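# Analysis of the macromolecular model
Residues per chain are reported as follows:
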Amino acid sequence: MSGDLSDIRIIRGDFEERLNLFLAPGIKAGFPSPADDYLNERLDFNRDLIRNPESTFYGRVKGDSMIEAGICDGDIAVIDRSLEPRDGDVIVGYVNDEFTIKYLDLRHRDEGYIELRPANDNFKPIRIDANDDFEVWGVVVWTIRNWRR
């Protein structure tokens, strides 16, 4: 794999089952608050975070080309293939038989190319033109990180 591409392994999700978890929406990054007051609220990942189950996939990120966007090696990207990609979206692109996760930059479309931009100064943008086999495979809508690696 090219050094400029982040490897992302695509995983199909199972959205048939409900996953009811307690939600503590009052968590503050400043002074502590009594979280017990909120433990009656519930969050269901499949219901509340996944809008289009039939077109949603997970991808495990490998590499650090998006680290300044907060997307790190080992994170899980939640990818919706039904969304229309917009300029500036974080997307999973399929470029010349390889997946990558980058910012979509459409500013040069009238000049005959687009760019996939990393969020790490150690990586260069990937220029995509008519000679490349390219598809926006999906739009990243969420990322999940394990903080206890």
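The following refers to the structure shown. (Residues numbered from 1 in each chain as written. Predicted model: local features only at pLDDT ≥ 70, side-chain atom pairs only at ≥ 80, totals over all residues. Heavy atoms only, no water.)

### Quick notes on the overall build of the chain
- Looking only at helices and strands, the chain features one helix and 10 strands.
- Of all 149 residues assigned to the chain, the portion counted as buried reaches 35%.
- Look at the contacts in the chain between residues 6 or more apart in sequence, and 60% of them connect residues 24 or more apart.
- On the chain, roughly 9,700 Å² of surface is accessible, and the fraction owed to carbon and sulfur atoms is 48%. (Helix = DSSP H or I, 4+ residues; strand = E, 2+ residues; numbered from the N terminus. Buried < 20%, exposed > 50% of the residue type's maximum accessible area, 1.4 Å probe, protein only. Contact = heavy atoms within 4.5 Å. Areas by Shrake-Rupley, 256 points an atom, 1.4 Å probe, with all protein chains shown as cover.)

### A look at the side chain of Glu-115
- Looking at the secondary structure, you find Glu-115 in strand β8 (residues 113-117).
- A polar side-chain atom of Glu-115 sits 2.7 Å from a polar atom in the side chain of Arg-117. (Polar contact = N/O pair within 3.5 Å; in protein donor to acceptor, adjacent residues only side chain to side chain.)

### Observations concerning the environment of Ser-65
- You can see Ser-65 is positioned in the loop between β4 (56-62) and β5 (76-80).
- A relative accessible area of 0% places Ser-65 in the buried class.
- Sequence spacing of Ser-65 and Ile-101 is 36 residues, and the spatial spacing of their C-alpha atoms is 8.3 Å.

### Thoughts on the pattern of salt bridges
- Taken as a whole and judged by the stated rule, the model has five salt bridges.
- Residues Arg-117 and Glu-115 are paired through a salt bridge, measuring 2.7 Å at the closest nitrogen-oxygen approach.
- For Arg-117, a relative accessible area of 28% gives the class partly exposed. (Salt bridge = Lys/Arg side-chain N within 4 Å of Asp/Glu carboxyl O.)

### Points about the packing of aromatic side chains
- Inspection of every chain in the model, using the stated rule, returns three aromatic pairs.
- A centroid spacing of 5.2 Å and a plane angle of 65° characterise the contact between Phe-57 and Trp-137, whose relative ring orientation is edge-to-face. Taken as a pair, Phe-57 in strand β4 and Trp-137 in strand β10 (residues 134-144) lie far apart in primary sequence, 80 residues in all. For the pair shown, Phe-57 and Trp-137 are each scored as buried.
- Relative to Phe-99, the ring of Tyr-94 lies with its centre 4.8 Å away and its plane at 55°, an arrangement referred to as tilted.
- Assessed through its relative accessible area of 24%, Tyr-94 is described here as partly exposed.
- An aromatic cluster is built from Phe-57, Tyr-94, Phe-99 and Trp-137, whose rings are joined through pairwise contacts.
- Stacked on the ring of Trp-137, the Lys or Arg Arg-81 has its end atom at 4.1 Å from the ring centre.
- A cation over a ring is seen here: Arg-127 above Tyr-113, with NZ or CZ 3.6 Å from the ring centre. (Phe/Tyr/Trp six-rings, centres within 6.5 Å; stacked < 30°, edge-to-face > 60°. Lys NZ or Arg CZ within 6 Å of the ring centre and 35° of its normal.)

### Concerning the sheet that holds β5
- Strand order in the open sheet made by the eight strands is β1-β4-β5-β10-β6-β7-β8-β9, with antiparallel pairing throughout. Across the chains shown, the open sheet's two edge strands, defined by having one partner strand only, are β1 (7-12) and β9 (126-129). Strand-to-strand, the axes of this sheet are offset by a mean angle of 45°, without reference to chain direction.
- Two elements, β5 and β10, share five bridges in a ladder whose sense is antiparallel. If you follow Val-78 over to β10, its bridge partner there is Trp-142. (Pairing = 2+ DSSP bridges. Axes fitted to C-alpha atoms, helices over the stretch in contact; angles between N-to-C directions.)

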